[in-house]
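Listed below are the residues making up each chain.
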Amino acid sequence: QVRLVESGGGLVQPGGSLRLSCAASGFTFSNYAMAWYRQAPGKQRDMVAIITIGGRTTYADSVKGRFTISRDNARNMVYLQMNSLEPEDTAVYYCFWPGGYWGQGTQVTVSS
């Protein structure tokens with residue numbers, strides 16, 4: 001059974017940082033790319049970052065230079081380091097496995 005569990009969200013002031021984690025289980029983690037998406041209230045769910053099996057990364061233009069996706073295949077974990085956070089980054093962040101599963105999401109709120 002595939003399971004994706006996100007953690008690390010919360011309330012942070014503009015300019016602050018957060019690190020999101022996603023614990024994956026139920027599939028051979030090292031054989032798949034992984035991704036982070038986000039969905040703000042009233043908006044569609046958008047891709048934030050993707051990391052391939054080999055560690056190649058792709059980012060949405062809005063987060064380039066501020067966010068970093070990484071993975072630990074030994075621990076079946078994928079991370080999203082978010083720096084210089086802006087109010088526009090406020091959203092529920094989801095971990096995604098391309099086999100078609102989503103995590104439950106973790107709320108990130110950027111506000112003073």
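Further up the page is the structure itself.
No experiment lies behind these values; they were computed from the predicted model shown.

K.L.:
Lay out the sheet that holds strand β1 (residues 3-7) in plain terms, naming residues and giving numbers.
P.N.:
Across the sheet, 4 strands lie side by side as β1-β3-β8-β7; this open sheet has antiparallel pairing. Only two strands of the sheet have a single neighbouring strand rather than two, namely β1 and β7 (67-72). With strand direction ignored, the average angle separating the axes of adjacent strands in the sheet is 15°. Bridge count between β1 and strand β3 (residues 18-25): 5 bridges; the pairing is antiparallel. Its bridge partner being in β3, Arg-3 is matched across the sheet by Ser-25.

K.L.:
Just give me the short version of the pattern of salt bridges, but keep the residues and values in it.
P.N.:
The full count for this structure, using the stated rule, is 5 salt bridges. Ionic pairing is found between Asp-61 and Lys-64, a salt bridge with its closest N-O pair at 3.1 Å. Each member of the pair Asp-61 and Lys-64 is classed as exposed. Arg-66 serves as the salt-bridge partner of Asp-89, at 2.7 Å between the closest nitrogen and oxygen. Note that Asp-89 is positioned in the loop between β8 (77-82) and β9 (91-97) and Arg-66 in the loop between β6 (57-59) and β7, a separation of 23 residues in sequence. The class for Arg-66 is buried, based on a relative accessible area of 11%. It is possible to trace a salt-bridge network through shared partners that takes in Arg-38, Arg-66, Glu-86 and Asp-89.

Calculation notes
- Residues numbered from 1 in each chain as written.
- Predicted model: local features only at pLDDT ≥ 70, side-chain atom pairs only at ≥ 80, totals over all residues.
- Heavy atoms only, no water.
- Pairing = 2+ DSSP bridges.
- Helix = DSSP H or I, 4+ residues; strand = E, 2+ residues; numbered from the N terminus.
- Axes fitted to C-alpha atoms, helices over the stretch in contact; angles between N-to-C directions.
- Salt bridge = Lys/Arg side-chain N within 4 Å of Asp/Glu carboxyl O.
- Buried < 20%, exposed > 50% of the residue type's maximum accessible area, 1.4 Å probe, protein only.

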